[in-house]
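# Chains, contacts and geometry: an overview
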Amino acid sequence: MATDALVAMEKAMKRDAIETNDRQLACARIASQEGQDYLKAMSAAANFAWVNRSSMTFLCRQVGIILETSFLLYLEELEDIEDDEIVLGPYFEVDSVRGLKRSGLGVSHGCPGRL
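About the criteria used
- Residues numbered from 1 in each chain as written.
- Predicted model: local features only at pLDDT ≥ 70, side-chain atom pairs only at ≥ 80, totals over all residues.
- Heavy atoms only, no water.
- Patch = residues over 30% accessible without salt bridge, like charges linked within 9 Å, V, L, I, M, F, W, Y side chains within 5 Å.
- Areas by Shrake-Rupley, 256 points an atom, 1.4 Å probe, with all protein chains shown as cover.
- Salt bridge = Lys/Arg side-chain N within 4 Å of Asp/Glu carboxyl O.
- Buried < 20%, exposed > 50% of the residue type's maximum accessible area, 1.4 Å probe, protein only.
- Helix = DSSP H or I, 4+ residues; strand = E, 2+ residues; numbered from the N terminus.

## Topic: a nonpolar patch on the surface
Nonpolar side chains collect at one region of the surface, where Ile30, Tyr38, Leu39 and Met42 lie side by side and expose about 370 Å² of accessible area between them. Classification of Met42 as partly exposed rests on a relative accessible area of 35%.

## As for unusual backbone geometry
For Ala17, which is not a glycine, the phi torsion comes out positive at approximately 60°. Since its relative accessible area comes to 66%, Ala17 is described here as exposed.

## A word on the pattern of salt bridges
If you walk through the whole model with that rule in mind, you get four salt bridges. Here Arg29 ties to Asp16 by a salt bridge, and the two come within 4.0 Å at their closest N and O atoms. Of this pair, Arg29 sits in the loop between α1 (2–16) and α2 (33–77) while Asp16 is found in helix α1, placing the two residues 13 residues apart along the sequence. Looking at Asp16, the relative accessible area reads 22%, which means it is partly exposed.

Now the structure itself:
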């Protein structure tokens, strides 16, 4: 996209007598056909980036749900939990009564247990 835009804008610069010191600074008037084509292409690129970001966010959340579910199933298999609460790193806490919950920035509210 960028190379095509540069070629078109260089032609427009010659036509409109616009001079720059560097080829990478090629430009065109917004009202020109080249300027409008460039704006449309950039709009499409921004839309593609937004959709890509949204898709990646969705997929990451799905993976998180799968991992959390798998982890909860694993915890159900543990039978010898002696403490009221097990702290699992900075992000999760396991309460033997209430189950898995997200912890606040690594602050634990109970005695560290063992897995």
